[in-house]
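Structural characterization, general
Spelled out, the chains give:
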Amino acid sequence: MSVAPEEPEVLDRRLDAAALDRRLDAVWQTPRGLWAALATVDHKIIGRRYIATAFVFLALGGLLAVAMRLQLARPEARVMSADRYNQVFTMHGANMMFLFAVPVMEAMAVYLVPLMVGTRNIAFPRLNAFSYWMYVAGGIVLWGAFVFDMGPDIGWFAYVPLSGPQYAPGKRADIWAQMITFTEVSALAVAVELVVTIFKQRAPGMSLDRIPLFVWSMLVTSFLIIIAMPAIMVASTSLILDRLIGTHFFNPAEGGDVLLWQHLFWFFGHPEVYIIFLPAVGMVSTLVVTFSRRPVFGYLGLVLAVISTGILAFGLWVHHMFVTGLPRLGESFFTGSSMAIAIPSGVQIFCWLATLWSGRPVLKVPLLFVYAFLFTFVMGGMTGVMVASVPFDTQVHDTYFVVAHFHYVLVGGAVFPLMGAVYYWFPKITGRLMSERVGRWVAGLVFVGFNLTFFPMHLLGLAGMPRRVYTYPAEMQWGSVNLFISLSALVLASGFLLFFWDAFRSLRHGIPAGDNPWDAPTLEWATSSPPPSYNFARLPVVSSAYPLWDERDALSVATGLRPDRREVLVSSVADARPEARESSPRNSIWPLWTAIATSIMLVWSIFTPWAVVWGSIPIATALIGWFWPKGVPEDDA
Amino acid sequence: MTRRLLILAGLLALAACKREQREVRLDPPALDALDQVALMPNGIGGAPPDVLPALGRPYETNAYQLSQGKRLYGWFNCTGCHANGGGNVGPALMEGWWRYGPDVQSIFASIRDGRPHGMPAFKDKLTTEQIWQLAGYVQTIGTYAAKTAAPTRNDEMQSRPSESRGPAGADIAPPSR
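What you are looking at is a predicted structure, and each value in this text was computed from that prediction instead of being measured.

A few words now on the overall build of chain B. A tally of regular secondary structure across chain B gives eight helices and zero strands. Taken from the N to the C terminus, the helices and strands of chain B come in the order α-α-α-α-α-α-α-α. Within chain B, buried positions represent 46% of all 177 residues. For chain B, the share of sequence-separated contacts (at least 6 apart) that also reach a separation of at least 24 residues comes to 57%. Of the roughly 9,400 Å² of accessible surface on chain B, a fraction of 59% belongs to carbon and sulfur atoms.

Pasting the structure below:
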C-alpha cells in the first residue's frame, strides 16, 4: 500500500507528540487484568515472561546439580538411589539444554530484536504467544513427570537402544520425547518470527551492514534452529512410534538402525550448541562495543565469522560419535571440520580483543562477565580441539573430561555472556539498574566458583572417572577431588543465589536508570526504559550502525503510519527501504487455547495413538478461532 | 468441586507414582510373605498373598516389574517351550485359556512348582520376586485389553503385536470353554 498524502485515514504526521502517544497507547496497550494478560501479544510482555520462566528453569536445574554434587561428594554415598540419580542427571541436562539455554536466548531476542531493529512488534505476534505457552507446557510436563517419579532417566541425548522399548520400561522416555516436541515447536515458532522480523521489519535505512551484531547472531541462530530442529523432531517422533506402536526405526532385527538415532540426534545436537553459543556471541559483541566506547573492530569479519560458524555447525556432528566405530575417513573428515571451527571463533576473539585494546574500556559489571567469558571460553575451546582428535577422544569419551569441556563452553561461552547481558539490559526491561557492587561479587563468585568446580573434572576424567555414575568405590581414590568439586560447587551456587537476589531486589529498589544508562549506540535505547507498548512513537530512520552515537542530538524519524490501528513498516531485505505498511494482529486468547489443545494431544499421545486423531479436533477448532476475522481495522490488510 | 478435582489429581498422581516406581529390592519380610500363596488342594486358584494388594499389585501394574518379567522370560528360556506365547512343547500362553487357571497366583504356582505334564519347577532357579515378575508378565502376553504399563516390542524379529497393544490373541480363535 502506498503512503499517499490524500489517504482518508488519520496519519500520525498530523498529530503532535502527546496526542500521538495517547492514540498509539490506546491501540497497542495490554489492558490490566488476567484475561488481557493471557491474551497479550506484546513481544515485550511475552519476552519478559519467557526470560523469567527460563531463569526459573535455570534455578531448578541448578538445584539438581547441587543434588548431584551432594551425592558425589563422597564415595558410596547414599543421598539418593541409582534410579533417582539417573533421573536427576537426565533432568539436569534436558532441562538446561531444552528449557533453559535455547529458550533464554530466544527470549532475549523476542524482547530485544524488535527494539533493536526499530519496529513496533515482532512478526507473527500471536505465534509468539503460542510459542511461549507451548514452552511453559513442555516445562510443566517434564517437571511434573519428575515429581511423580516418572522423569526421564536415559540421559539428555536418550540413545537407543537404552531409550527404546526394550530397555526403557514405562513412560519415562516418552516424557523426554514429548518434551522435545513441545520445546521444538516453540523454538521453531520463535525462529520463524525472528527471521521475518529481521529481514522485513527493520527501520528504514538499516541496511544489512548496519544491523546490530546481536541481531545478526540471532538471524543466524534462527536459521540454525530452522535447519537443525526438524532432525530431532524426526528422531523423537520415531522413538515414540517405536515405543508406542511398535515401529522398527531403531530395531536392527527388522531393518532399523541404532546408529541412525545418533546421527539424527547429533545433526541437531551439535548445531544446538551453536544455537546457544551464537546469541551469546552477539551479546558479547554488543557489550564490548558499548563498554569500549568505540565501534567494533572488524564488523564484516565478525558477521562472516558468525555465518561461517553457523554453516560449519552442520559439518561436525560426527565428532560426538567417534567411538561408534565409523570408517576412518569419516572420522578424519570430522576431526578436520571440528578443528576448523576454531578459525571463526579465533577471528571473533581477536576482533573483540582489538576492540577492547583500541577503545577506552569502562569496567562495569557486564564487561566483567565478558572478561570471564573470554578466559573460560578459550579454555573450553582448547579442550574442544583436544577432543576433536580421535585417539584422545577415544580415551576420554564418556568421562568427566567431557563434562568439564562442555561446561566450559556452555557456561563459559553462553551463561557468562548471558549474565552480563542481564546486567546490561535489565535497566532496559525494568527501568532500574542492578547493583554494581553486588554485581562485582556475583561475577567474582561465579567465575572463581565455576573454575574451581569444573577444572578438577578434567583431571578426574583423565583419571578415568566415567560420567553418569551415581557413585564410585573409595578404592578409586577419586574421593578427595570430588569433595573439593562439591565444595566449590557451593561457591558457584552462592554466586547464582546472589545474582537472583540482586535481580529481585533491583526490580523494586534498583536505581532508576533513565533511558540510556550506558550511553549505548543501538536503537533499543532510543526509546524510554521500559519502552512504551508501541516501542517507538515514530519509527527511527538509521544512517549508520551506531545511530545513537552518530546522531546524538536527534534521531531522524519516519512518519506516515496510521495511529488508529496496529501497524508496522515493512522494508526491503537488503537496504531496508520502506515497502509497505502492514497491520499487526491484536491481542487474542486463541493462541492460549491452541496451546492447551496441542498440549493435551501431545501428552495424551504418550498413551495411545488415537490421541492424534481425536486430539486434532480441538486443535483445529482453536486454530479456526485464531484465524477467524473479527471485523477489526487490522483485518483489512 | 475443586476439592473433588484435587482428590482425583492426587489419586492419579499416586497411581502414576506406583506405575513408574522402580522397586529394586524389597524388604525381606515382604519377600517372605510373597511366597505364601494359599492354593486350593489341586494347586490351582485360591488366594494371592495378602501383601500383594498391600504393595499395590506391582507385578501386574508396574511398568518396570512387567518389563523385568519379559526379560526373564527370554533369559530363562521360557521361549524354548512356549515360544513367544504361541506355544510349542508347552501350551500357548496368549490365547486366553489356562489349563491351571487365569489368576496370577495360579500362574505363579505353575512357574514356582512346575506342572505335571512337563512344566519344570523354577523355584530353585529364580527368586520369589522374579517368579512374581514372570507371572505378572505372562498374564499380559495374551492381554485382552491394551495395558499402557505393559512392555512393547523387543529389538528382535517381530512375531506378534506387542503386549501393550493387545489383544495379541485376537487372531487366534477364542476357545470355547
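On the side of chain B, 21 residues touch chain A, which itself brings 26 residues to the contact. Carbon and sulfur atoms supply 51% of the area that chain A and chain B bury against each other, a total of about 2,100 Å² over both sides. Three residues stand out in chain A for area buried against chain B, namely Phe148, Gln166 and Pro169 of chain A, and they jointly supply 26% of the buried area on that side. Between chain A and chain B we count three salt bridges in total. The shortest N-O distance in the salt bridge between Arg172 of chain A and Glu20 of chain B comes to 3.8 Å. Taken together, chain A and chain B are joined by 10 residue pairs in polar contact (both at pLDDT 80 or more). When residues of the side of chain A that touches chain B are assigned to their parent elements, the largest contribution, four residues, is made by helix α7 (residues 213-245) of chain A. A per-class count over the side of chain A that touches chain B returns 12 nonpolar, six polar and eight charged.

Looking now at the packing of helix α7 (residues 104-113) of chain B against helix α8 (residues 128-141) of chain B. Residue and element names in this part refer to chain B. Contact geometry of α7 with α8 gives a least axis separation of 9 Å together with a crossing angle of 125 degrees. Between α7 and α8, the interaxial angle falls into the category oblique. Where α7 crosses over α8, the handedness of that crossing is right-handed. Residue-level inspection shows Val104, Gln105, Ile107, Phe108, Ile111 and Arg112 of α7 in contact with α8, the latter providing Thr128, Ile131, Trp132, Leu134, Ala135, Gly136, Val138 and Gln139.

Below, the discussion takes up the pairing of strand β3 (residues 567-571) of chain A. Residues and elements named next belong to chain A. By the criterion of burial, β3 is predominantly enclosed, with five of the five residues buried. Two elements, β3 and strand β4 (residues 578-583), share five bridges in a ladder whose sense is antiparallel. Pairing of Val570 across the sheet is with Ala580, part of β4.

Residues and elements named next belong to chain A. Under the definition given, this model contains 56 aromatic pairs over all chains. Arranged with centres 5.5 Å apart and planes meeting at 10 degrees, the rings of Phe373 and Phe377 form a pair that is stacked. Highlighted residues: Phe373 and Phe377, both in helix α12 (residues 365-387), separated by four residues, approximately one helical turn. On the basis of relative accessible area, Phe373 is assigned to the buried category, the value being 0%. Given the relative accessible area of 10%, Phe377 is considered buried. Ring plane angle 20 degrees and centroid distance 5.8 Å describe the contact between Tyr546 and Trp549, whose orientation is recorded as stacked. With respect to class, Tyr546 is no different from Trp549; both count as buried.

Residues and elements named next belong to chain A. Tallied over the entire structure, the rule returns six cavities of 30 Å³ or more. Considering only enclosed or pocket space, the largest cavity measures out at about 120 Å³ in volume. Lining the largest cavity are 14 residues, with Pro212, Leu213, Val289, Thr522 and Tyr546 positioned closest to its centre. Only α7 and α8 (258-292) provide two or more residues apiece to the lining of the largest cavity. Considering every element that reaches the lining of the largest cavity, the biggest residue donor is α8, with four residues. In terms of residue class, the lining of the largest cavity is built from 10 nonpolar, four polar and no charged.

What follows concerns the state of the cysteines. Residue and element names in this part refer to chain B. Enumeration according to the criterion identifies zero disulfides over all chains in this entry. Free of any disulfide, Cys81 has its nearest cysteine sulfur in Cys78, 8.7 Å distant. A relative accessible area of 33% means that Cys81 is categorised as partly exposed.

Residue and element names in this part refer to chain A. Omega for the peptide link from Val160 to Pro161 comes to 0 degrees, which places this bond in the cis form. The peptide bond linking Ser529 to Pro530 adopts the cis configuration, its omega dihedral lying at -10 degrees. Here Pro530 shows up in the loop between β2 (511-512) and α17 (547-550). Even without being a glycine, Gln477 presents a positive backbone phi close to 65 degrees. If you trace the backbone, Gln477 turns up in the loop between α15 (436-462) and α16 (479-509). One non-glycine residue with positive phi stands out, namely Ala576, at about 55 degrees. Along the chain, Ala576 turns up in the loop between β3 and β4.

Quick look at the confidence of the model for chain B now. Residues and elements named next belong to chain B. When pLDDT is averaged across chain B, the result is 83; 81% of the residues are at 70 or more. Within the model, the stretch residues 172-177 combines pLDDT values under 50 with six contacts to residues more than four positions away or in other chains. Scored as a complex, the prediction yields pTM 0.93 and ipTM 0.85.

Here the focus is the nonpolar core. If you look at the biggest cluster of nonpolar residues, it comprises 199 residues, and the most contacted ones within it are Phe100 and Trp176 of chain A. Looking at this core element by element, the count peaks at 23 residues for helix α4 (residues 82-116) of chain A. Discounting chain neighbours no more than four positions away, the residues touching Trp176 of chain A are Ala94, Pro152, Ile154, Gly155, Trp156, Phe157, Ala158, Ile232, Ser236, Leu239, Trp261 and Phe265 of chain A. Tyr59, Val104, Ile107 and Trp132 of chain B belong to the second-largest nonpolar core, a separate cluster that totals 25 residues.

In the predicted model, chain A carries a mean pLDDT of 94, and the fraction of residues at 70 or more is 98%. The low-confidence segment residues 1-6 of chain A (pLDDT under 50) makes 12 contacts with residues lying over four places distant or belonging to another chain.

A separate point is the environment of Thr140 of chain B. Residues and elements named next belong to chain B. Relative to the helices and strands, Thr140 is located in helix α8. Thr140 sits 65 residues away from Trp75 along the chain, and the two C-alpha atoms are 18 Å apart. Among all residues touching Thr140, those that are not within four sequence positions of it are Leu66, Lys147 and Glu163. One polar contact links the side chain of Thr140 to the main-chain carbonyl oxygen of Tyr137, over a distance of 2.6 Å.

Bringing the packing of helix α5 (residues 125-147) of chain A against helix α6 (residues 172-200) of chain A into the picture now. Residue and element names in this part refer to chain A. For the pair α5 and α6, the least separation of the axes is 8 Å and the interaxial angle reads 160 degrees. Between α5 and α6, the crossing angle belongs to the class labelled roughly antiparallel. In this structure, α5 crosses over α6, and the sense of that crossing is left-handed. The segment α5 lies against α6, with Leu127, Asn128, Phe130, Ser131, Met134, Tyr135, Ala137, Gly138, Val141, Leu142 and Ala145 engaging Ile175, Met179, Phe182, Val185, Ser186, Ala189, Val190 and Glu193. For the contact of α5 with α6, a count of residues per class yields 14 nonpolar, four polar and one charged.

Rules used in this analysis
Residues numbered from 1 in each chain as written. Chains lettered and ligands numbered in written order. Predicted model: local features only at pLDDT ≥ 70, side-chain atom pairs only at ≥ 80, totals over all residues. Heavy atoms only, no water. Helix = DSSP H or I, 4+ residues; strand = E, 2+ residues; numbered from the N terminus. Buried < 20%, exposed > 50% of the residue type's maximum accessible area, 1.4 Å probe, protein only. Contact = heavy atoms within 4.5 Å. Areas by Shrake-Rupley, 256 points an atom, 1.4 Å probe, with all protein chains shown as cover. Buried area = accessible area lost by both parts, 1.4 Å probe. Salt bridge = Lys/Arg side-chain N within 4 Å of Asp/Glu carboxyl O. Polar contact = N/O pair within 3.5 Å; in protein donor to acceptor, adjacent residues only side chain to side chain. Nonpolar A, V, L, I, M, F, W, Y, C, P; charged D, E, K, R; others polar. Axes fitted to C-alpha atoms, helices over the stretch in contact; angles between N-to-C directions. Parallel < 35°, antiparallel > 145°, perpendicular 65-115°, else oblique. Left-handed = near helix turned anticlockwise from the far one by under 90°. Pairing = 2+ DSSP bridges. Phe/Tyr/Trp six-rings, centres within 6.5 Å; stacked < 30°, edge-to-face > 60°. 1 Å grid on protein atoms, 1.4 Å probe; cavity = no way out; pocket = protein on both sides within 12 Å on 5 of 7 lines; lining within 4 Å. Points joined across faces, edges and corners; volume = space filled by probe spheres on them. Disulfide = S-S within 2.5 Å. pLDDT = per-residue confidence, 0-100. Core = buried A, V, L, I, M, F, W, Y, C linked by side-chain atoms within 4.5 Å.

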